[in-house]
Amino acid sequence: MARVQQLLIFTRLQTSSCAFAVALLSGVALSTVLPQLPVARYDLLLVYGLLLTLVFRLRGWDSGRDVLVIAVCHAIGLAFELVKVSLGSWSYPESAVFKFAGVPLYGGFLYAAVGSYVCRAWQLMDLELVRYRPRATTALAVAIYVNFFSHHWLPDVRWPLAVLLIAVTGGTSVRFTVGKARYRMPLALSFALIGFFLWLAENIATYLGAWRYPHQLHGWQPVALEKFGSWALLISVTFVIVAATRRQRIPG
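Since this is a predicted model, take the numbers as computed values, not measurements.

Some words on empty space enclosed by the protein
Then, number 1: Counted under the stated rule, the structure contains one cavity of 30 Å³ or more.
Then, number 2: Considering the residues around the largest cavity, the lining is formed by 13 residues, among which Ile76, Tyr111, Leu234, Val237 and Thr238 are closest to the centre.
Then, number 3: Taken together, the elements giving at least two residues each to the lining of the largest cavity come down to helix H4 (64-86), helix H5 (109-124) and helix H9 (226-245).
Then, number 4: Considering every element that reaches the lining of the largest cavity, the biggest residue donor is H9, with six residues.
Then, number 5: Of the residues belonging to the lining of the largest cavity, the class tally is 11 nonpolar, two polar and no charged.

Structure, rendered in structure tokens:
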């Protein structure tokens, strides 16, 4: 019975941590059933994302530091989108005023939502890193981010980078609180679990028309399972950004 209670508490904490992402996806879903408006849907979602950020800040759900992290994730995400869309990896087929080089500005909020999740989980579950190697992990996260661009012209080294990431995070664990109990999870495992749920969220987002992969242009199809691995690697970028803002809490 105690384990069931702990699982329920953990679920509640995770749901609270995902509040920004859930609200954002709910807005995307709602936008699909709105009547024809003089304002483009992508532009409405940009305003909606900005309002969400403001509400979360005013309510105290995100601190000023969290908003800064979210803004950085938004900017990094937009840079990622600009390159990927220009190379045809996916597209935003609808028109919008606030759209540059085929990428609507609201697209960065999809990455900002991931940043918000990590920030809120860190706070709500009192995260603490054990045997974390910030420099090596950050260097690998940067290499992973760059490889998502460079593999279009150079050899794709995501698998060697994945092996290196597992090696660098070997022995690193995340301590977190659920109720009155303290637990520990390997950092690499947390990357994999978050990556899986981001892959599920991506399936929902593409179904709602947030963006489209080439194989989805003539009708929705599931996102390829390999994207799960991509998200498991890419989450390391968001993680090192958040960890850098909380480095004073990392023992050793």
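Quick look at the layout of surface pockets
Then, number 1: Taken as a whole, the largest pocket holds about 1,300 Å³ of empty space.
Then, number 2: Taken together, 48 residues form the lining of the largest pocket, with Tyr117, Leu193, Ile194, Phe197 and Leu198 sitting closest to its centre.
Then, number 3: For the lining of the largest pocket, the secondary structure elements donating two or more residues are helix H1 (2-17), helix H2 (19-31), H4, H5, strand S4 (173-178), helix H8 (187-207) and H9.
Then, number 4: Take the lining of the largest pocket: its biggest share by element is 11 residues, from H8.
Then, number 5: A class-by-class count of the residues in the lining of the largest pocket yields 35 nonpolar, seven polar and six charged.
Then, number 6: Grouping the constituent residues of the lining of the second largest pocket by class yields 11 nonpolar, two polar and two charged.

Brief notes about the environment of Leu208
Then, number 1: For Leu208, the position within the fold is in the loop between H8 and H9.
Then, number 2: Owing to a relative accessible area of 17%, Leu208 belongs among the buried residues under this scheme.
Then, number 3: Spatially, the C-alpha atoms of Leu208 and Ser26 are 9.8 Å apart, while their sequence positions differ by 182 residues.
Then, number 4: Once you skip the residues sitting within four places of it in the chain, Leu208 turns out to touch Leu25, Val28, Ala29, Thr32 and Arg41.

Some words on the side chain of Asp66
Then, number 1: Within the secondary structure, Asp66 is located in helix H4.
Then, number 2: The residues contacting Asp66, other than those within four sequence positions of it, are Trp61, Cys119, Gln123 and Arg246.

Thoughts on helix H6 (residues 134-150)
Then, number 1: Its 17 residues give H6 an end-to-end C-alpha distance of 24 Å, which sits within 8% of 24 Å, the value for a rise of 1.5 Å per residue.
Then, number 2: Every buried residue belonging to H6 is among Thr137, Leu140, Ala141, Ile144, Tyr145, Asn147, Phe148, Phe149 and Ser150, and all of these are buried.
Then, number 3: Looking at the packing, one finds that the buried side of H6 touches H4, helix H7 (158-168) and H9.

What about unusual backbone geometry?
Then, number 1: Look at Asp126: it is not a glycine, yet its phi comes out positive at around 50°.
Then, number 2: Its location among the elements puts Asp126 in the loop between H5 and strand S3 (128-130).
Then, number 3: The exposure class of Asp126 is partly exposed, given its relative accessible area of 33%.
Then, number 4: Positioned with a positive phi, Arg131 is a non-glycine residue whose angle comes to about 60°.
Then, number 5: With respect to the helices, strands and loops of the structure, Arg131 is situated in the loop between S3 and H6.
Then, number 6: Looking at Arg131, the relative accessible area reads 56%, which means it is exposed.

Calculation notes
Residues numbered from 1 in each chain as written. Predicted model: local features only at pLDDT ≥ 70, side-chain atom pairs only at ≥ 80, totals over all residues. Heavy atoms only, no water. 1 Å grid on protein atoms, 1.4 Å probe; cavity = no way out; pocket = protein on both sides within 12 Å on 5 of 7 lines; lining within 4 Å. Points joined across faces, edges and corners; volume = space filled by probe spheres on them. Helix = DSSP H or I, 4+ residues; strand = E, 2+ residues; numbered from the N terminus. Nonpolar A, V, L, I, M, F, W, Y, C, P; charged D, E, K, R; others polar. Buried < 20%, exposed > 50% of the residue type's maximum accessible area, 1.4 Å probe, protein only. Contact = heavy atoms within 4.5 Å. Expected span 1.5 Å × (residues − 1).

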